[in-house]
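A structural walkthrough
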Amino acid sequence: KLLKLRNDYPELFDGSASLTWKVGASDWNNGRSLHLESITGKELVVLGNFTNGETTVAFPAETGEWTDWKSGEKQSVDSNVKVSANSFVIYTNF
């Protein structure tokens, strides 16, 4: 399913897309994030928690209605998102 996302939306992964990420050592306990935005306005956000406990990760994009990529359900996303232990979430605006 992840490869399908990559193949279906190549504009998010080419050189014209913007990438913002927080993946440094200081982000280990507070969650890591990646935000991709294409020149057409499509956005993808990945939030990862690599600890053994639930953590709250700062959402790196504009808050509001996003689609949970795993479930396909639209959700209202706030500035902080709870991510389960040893897990990740993916949100899209399309």
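Before reading further, recall that the structure is shown in the block above.
Read on for an overview of the structure. Bear in mind the structure is a predicted one, so any value in this text is a computation, not a measurement. (Residues numbered from 1 in each chain as written. Predicted model: local features only at pLDDT ≥ 70, side-chain atom pairs only at ≥ 80, totals over all residues. Heavy atoms only, no water.)

1. Details of the environment of Ile-90
Topologically, Ile-90 is positioned in strand S8 (residues 87-92). When the C-alpha positions of Ile-90 and Leu-47 are compared, they lie 6.5 Å apart, and in sequence the two are 43 residues distant. Setting aside residues no more than four positions away along its own chain, Ile-90 makes contact with Leu-2, Leu-44, Val-45, Val-46, Thr-67, Asp-68 and Trp-69. (Helix = DSSP H or I, 4+ residues; strand = E, 2+ residues; numbered from the N terminus. Contact = heavy atoms within 4.5 Å.)

2. Regarding the sheet that holds strand S2 (residues 32-37)
Read from one edge of the open sheet, 6 strands run S1-S2-S3-S8-S5-S6, paired in antiparallel fashion. Strands at the two margins of the open sheet, each flanked by one partner only, are strand S1 (18-22) and strand S6 (74-77). The average undirected angle you get between the axes of adjacent strands in this sheet is 25°. As judged from the 6 bridges shared by S2 and strand S3 (residues 43-49), these two strands associate in the antiparallel manner. Residue pairing for S3: Ser-33 is matched across the bridge by Leu-47. (Pairing = 2+ DSSP bridges. Axes fitted to C-alpha atoms, helices over the stretch in contact; angles between N-to-C directions.)

3. A short note on a nonpolar patch on the surface
A grouping of Leu-19, Trp-21 and Val-23 is seen on the molecular surface, where their side chains present a nonpolar patch of about 300 Å² in accessible area. Judged by its relative accessible area of 44%, Leu-19 is partly exposed. (Patch = residues over 30% accessible without salt bridge, like charges linked within 9 Å, V, L, I, M, F, W, Y side chains within 5 Å. Areas by Shrake-Rupley, 256 points an atom, 1.4 Å probe, with all protein chains shown as cover. Salt bridge = Lys/Arg side-chain N within 4 Å of Asp/Glu carboxyl O. Buried < 20%, exposed > 50% of the residue type's maximum accessible area, 1.4 Å probe, protein only.)

4. Some details on the nonpolar core
Counting 11 residues, the largest nonpolar core consists of Val-45, Leu-47, Val-57, Phe-59, Ala-61, Trp-66, Val-77, Val-81, Val-83, Val-89 and Tyr-91. Of all the secondary structure elements, the ones that give two or more residues to this core are S3, strand S7 (80-83) and S8. For Val-81, the contacting residues outside a window of four places in its chain are Leu-47, Thr-55, Thr-56, Val-57, Phe-59 and Tyr-91. By size, the runner-up hydrophobic cluster in this structure holds 6 residues, among which are Leu-12, Leu-44, Trp-69 and Ile-90. (Core = buried A, V, L, I, M, F, W, Y, C linked by side-chain atoms within 4.5 Å.)

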